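Below, each chain spelled out in residue letters.
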Amino acid sequence: MTDMPESPHLLVDQLTEGVTLITLNRPARLNAFTREMVGDFIEMLDGIARDSARRVVILTGSGGGFCSGQDVVAADERNRSQPSGVVERLYWQEQFAGMGERLRNMPQVVIAAVNGPCAGAGMAVALAADIRIAAQSARFLIASVRLGLTAGESGISYFLPRLVGASRAFEIMLTGRPVDAPEAERIGLCAQLVEDGAAVDAALVIAKTILANSPFSIVHTKRMMWENLDAVSFRAAIELENRSQILASLTDDYKEATAAFTEKRTPKFRGQ
């Protein structure tokens, strides 16, 4: 297992074999992202993506919030002292957007354990996760539309309608209203609603259930799901399923899983 880059604002813990917990750690600012923190987070995700021993990533925030998005105070101070032009601003916009892109594309399953406020770029990170668990205190908010910007931020306009449907996504994005935890569960934005303080534990239960399945199955099921959300046709989706299923049937994981089923025992996959 590879070592992760050190950052005071990103805490990394190994909860159990195969499960890595990343905690956004700027509680005084509700874990808001600075540019430096975004760079560290991207570097960390790139390292995890290359490490096959890490199979599930759980994301959460320290203190009373998940992530309040970009640190607006730090950005305002920087713009006043060192105004930036369009090239620099576009570069950093792409870096912020790159967080969600990496979460979506990495082979590990990503579970967001959302506690408290989850706004702007923080909401985008949560939406880019494969599964979301919401504590009762969770509140999802697209803050940028209330700050003179668009609600299309860091992939939100891509992820949100795919999770809750276009009509509801339009209403949430255009009004900029918050979505509380009970509504998030009701509309399918999160998979589970738990008491405050229990989100990481609930995510770990799901992670352990996932780890019982074969590495090949999990990696390719995640890839297939994201690819088929953009499938141009039913036929294209079926073609990807067919190809992936045949490849899976040729793996040692499949041989071990079927043998374990026949012998009524727990499968032991390579690397576990």
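The paragraphs below set out a description of the structure included in this document. Nothing here was measured: the structure is a model prediction, and the numbers come from that model. (Residues numbered from 1 in each chain as written. Predicted model: local features only at pLDDT ≥ 70, side-chain atom pairs only at ≥ 80, totals over all residues. Heavy atoms only, no water.)

### Comments concerning the packing of helix H1 (residues 35-49) against helix H3 (residues 86-105)
So the rule is basically this: For helices, the fitted axis covers only the stretch in contact; all axes are lines through C-alpha atoms, and the angles between them, taken along N-to-C directions, range from 0 to 180 degrees. Only DSSP runs of H or I covering at least 4 residues are called helices, and only runs of E covering at least 2 are called strands; the numbering of each starts at the N terminus. Take the far helix as the reference: if the near one is turned anticlockwise from it by less than a right angle, the crossing is left-handed, and if turned clockwise, right-handed. Here, residues are in contact when the closest pair of their heavy atoms is within 4.5 Å. The residue classification treats Ala, Val, Leu, Ile, Met, Phe, Trp, Tyr, Cys and Pro as nonpolar and Asp, Glu, Lys and Arg as charged. All others, Gly included, are polar.
At their nearest, the axes of H1 and H3 sit 10 Å apart, and the two run at 35° to each other. The interaxial crossing formed by H1 with H3 has left-handed handedness. Between H1 and H3, the residues in contact are Arg35, Val38, Phe41, Ile42, Leu45 and Asp46 and Glu88, Trp92, Gln95, Phe96, Met99, Arg102 and Leu103, respectively. Its residues assigned to classes, the contact of H1 with H3 comprises eight nonpolar, one polar and four charged.

### Let's talk about the pairing of strand E2 (residues 19-24)
This is how the line gets drawn: Only protein chains enter the area calculation, which uses a 1.4 Å probe; residues under 20% of their type maximum are buried, those over 50% are exposed, and those in between are partly exposed. Two strands qualify as a pair provided DSSP detects at least 2 bridges between them. For crossovers, right-handed means that the path from the first strand over the helix to the second runs clockwise, given strands pointing away from the viewer.
Counting buried residues along E2, six of its six residues qualify, which places the element largely inside the surrounding structure. Where burial is concerned, the two faces of E2 agree: the one with Val19, Leu21 and Thr23 and the one with Thr20, Ile22 and Leu24 are both buried. Counted between consecutive antiparallel strands, the loop separating strand E1 (residues 10-16) from E2 contains two residues, among which Gly18 sits at a positive phi close to 95°. By the bridge criterion, six bridges tie E2 to strand E3 (residues 56-61) in an arrangement that is parallel. Within E3, the residue paired with Val19 across the bridge is Val56. Following the chain from E2 across H1 to the adjacent parallel E3, one finds a crossover that is right-handed.

### A look at the state of the cysteines
Test applied: Two cysteine sulfur atoms make up a disulfide if the distance between them is within 2.5 Å.
For the structure shown, the criterion picks out zero disulfides. Free cysteine Cys118: the closest other cysteine sulfur is in Cys67, separated by 7.2 Å. This cysteine, Cys190, is not joined by any disulfide, and Cys118 carries the nearest cysteine sulfur, 11 Å off.

### Digging into the sheet that holds strand E5 (residues 117-119)
Across the sheet, three strands lie side by side as E5-E7-E8; this open sheet has mixed pairing. The open sheet has two free edges, formed respectively by E5 and strand E8 (179-180), since each of these has just one partner strand. Packing of helix H4 (residues 121-128) onto the sheet brings it into contact with E5 and strand E7 (139-141), and relative to E5 it is tilted by some 95°.

### A word on the sheet that holds E1
The sheet built from six strands is open, its strands ordered E1-E2-E3-E4-E6-E9 with mixed pairing. Looking along the sheet, the strands with just one partner apiece sit at the ends: E1 and strand E9 (192-194). The average angle at which neighbouring strand axes cross in this sheet is 20°, direction not considered. Packing against the sheet, H1 makes contact with E1, E2 and E3, and its axis sits at approximately 175° to E2.

### What about a nonpolar patch on the surface?
For clarity, the threshold we go by: Patches draw on residues past 30% relative accessible area with no salt bridge. Two like charges within 9 Å are joined, as are two nonpolar side chains (Val, Leu, Ile, Met, Phe, Trp, Tyr) within 5 Å. Here the open area of atoms and residues is found with the Shrake-Rupley method and a 1.4 Å probe, where only the protein chains shown may cover a residue. A side-chain nitrogen of Lys or Arg and a carboxyl oxygen of Asp or Glu constitute a salt bridge if their distance falls within 4 Å.
Taken together, the side chains of Val72, Leu147 and Leu149 define a hydrophobic patch exposed on the protein surface, amounting to about 310 Å² of accessible area. Tracing the backbone shows Leu149 in the loop between E7 and helix H5 (156-164).

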